[in-house]
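Results of the structural survey
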Amino acid sequence: MALEQQIQTDMVAAMKAKETVRLAALRGIKAAILLAKTAEGSNGELTDADIVKIIQKLVKQRKESAEQYNQAGRPELAENELAEAAAMEVYLPKQLSEEEVKTELVKIIAETGASKPSDMGKVMGVATKRLAGIADGKLISTIVKSLLA
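Computed from a predicted structure; not experimentally measured.

Another aspect to go through is the overall build of the chain. The number of helices and strands found in the chain is 7 helices and 0 strands. Put simply, the chain runs from its N terminus to its C terminus through helices and strands in the order α-α-α-α-α-α-α. Overall, the chain is about 55 × 45 × 30 Å in size when its C-alpha atoms are taken along their principal axes. Looking at the chain as a whole, 33% of its 149 residues qualify as buried. For the chain, the proportion of contacts with a sequence separation of at least 24, taken over those separated by at least 6, is 60%. Only carbon and sulfur atoms are counted for the fraction: they give 55% of the accessible area of the chain, which is about 9,200 Å².

What the rule picks out here adds up to 11 salt bridges. A salt bridge links Lys37 to Glu4, with the shortest nitrogen-to-oxygen separation between them at 2.9 Å. Here Glu4 lies in helix H1 (residues 3-17) and Lys37 lies in helix H2 (residues 20-38), a separation of 33 residues in the sequence. A relative accessible area of 23% means that Lys37 is categorised as partly exposed. A salt bridge links Arg74 to Glu76; the shortest N-O distance between them is 2.7 Å. Taking the relative accessible area as the measure of exposure, Arg74 reaches 39% and is therefore partly exposed. For Glu76, a relative accessible area of 44% translates into the label partly exposed. Bridged by salt links that share partners, the residues Glu4, Lys30 and Lys37 form one connected network.

Think of an α-helix as turning once every 3.6 residues; residues three or four places apart then point the same way. An ideal rise of 1.5 Å per residue puts 21 Å on 15 residues; H1 measures up with 21 Å between its terminal C-alpha atoms. The set of residues buried in H1 consists of Leu3, Glu4, Ile7, Asp10, Met11 and Ala14. An end-on view of H1 places all buried positions within 120° of arc, on one side of the element. Looking at the buried positions of H1, the neighbouring elements they touch are H2 and helix H3 (48-71). Once H1 ends, the next one or two residues include Lys18, with phi positive near 55°.

One way to put it is that H1 packs onto H3 with a least axis distance of 9 Å and a crossing angle of 55°. Classified by the angle between their axes, H1 and H3 sit oblique to one another. Here Leu3, Glu4 and Ile7 of H1 come into contact with H3, specifically with Asp48, Ile51, Val52 and Ile55. Residues that form the contact of H1 with H3 fall into these classes: 5 nonpolar, no polar and 2 charged.

Turning our attention to the nonpolar core. Residues Ile7, Ile29 and Ile55 are the most contacted members of the largest nonpolar core, which totals 22 residues. Listed by contribution, the elements that provide at least two residues to this core are H1, H2, H3 and helix H4 (75-89). Every residue in contact with Ile55, bar those within four places of it in the chain, is listed here: Leu3, Ile7, Ile29, Met88, Tyr91 and Leu92. If you look at the next biggest cluster of nonpolar residues, it comprises 15 residues, including Leu105, Ile109, Met120 and Leu131.

At a minimum axis separation of 10 Å, helix H5 (residues 98-112) and helix H7 (residues 137-148) run at an interaxial angle of 55°. Here H5 lies oblique to H7, going by the angle between them. Along this stretch, H5 crosses H7, giving a crossing that reads as right-handed. Here Glu98, Val101, Lys102, Leu105, Val106 and Ile109 of H5 lie close against H7, whose contacting residues are Leu139, Ile140, Ile143, Val144, Leu147 and Leu148. Its residues assigned to classes, the contact of H5 with H7 comprises 10 nonpolar, no polar and 2 charged.

Rules used in this analysis
- Residues numbered from 1 in each chain as written.
- Predicted model: local features only at pLDDT ≥ 70, side-chain atom pairs only at ≥ 80, totals over all residues.
- Heavy atoms only, no water.
- Helix = DSSP H or I, 4+ residues; strand = E, 2+ residues; numbered from the N terminus.
- Buried < 20%, exposed > 50% of the residue type's maximum accessible area, 1.4 Å probe, protein only.
- Contact = heavy atoms within 4.5 Å.
- Areas by Shrake-Rupley, 256 points an atom, 1.4 Å probe, with all protein chains shown as cover.
- Salt bridge = Lys/Arg side-chain N within 4 Å of Asp/Glu carboxyl O.
- Expected span 1.5 Å × (residues − 1).
- Arc of directions from axis to C-beta.
- Axes fitted to C-alpha atoms, helices over the stretch in contact; angles between N-to-C directions.
- Parallel < 35°, antiparallel > 145°, perpendicular 65-115°, else oblique.
- Nonpolar A, V, L, I, M, F, W, Y, C, P; charged D, E, K, R; others polar.
- Core = buried A, V, L, I, M, F, W, Y, C linked by side-chain atoms within 4.5 Å.
- Left-handed = near helix turned anticlockwise from the far one by under 90°.

So, to be careful, I would describe these as geometric facts and stop short of saying anything about function.
Pasting the structure below:
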């Protein structure tokens, strides 16, 4: 079953089960998918990989919002954002641990022949393509900096 149909099916199940947080998260995903499909220059079709990118963006937004709410002293709003993010993460591929990312980056650095901080661009180009969807870009960047320093 395609990811979009799975989300639609889960949305109906969440409505029937009266799971408000999960339903809100799924509606957010569905709205973002519709926006992407009808965007200018779009052919109206999205692959599962495109949908995963959309969901990753939404999860990141939710986590950043939660951080801002915590800083503003509104933990109840932050809790809701984090709950929605957790409901969305179900549809993402399993993320690599920090150690697994480090292992992959060591291999990539060896392949590219990078040895100094100025080679970071070369490494990041390969790493972001290879680890897309399974590792956070900020984590990749931090580890690459420490390995090339």
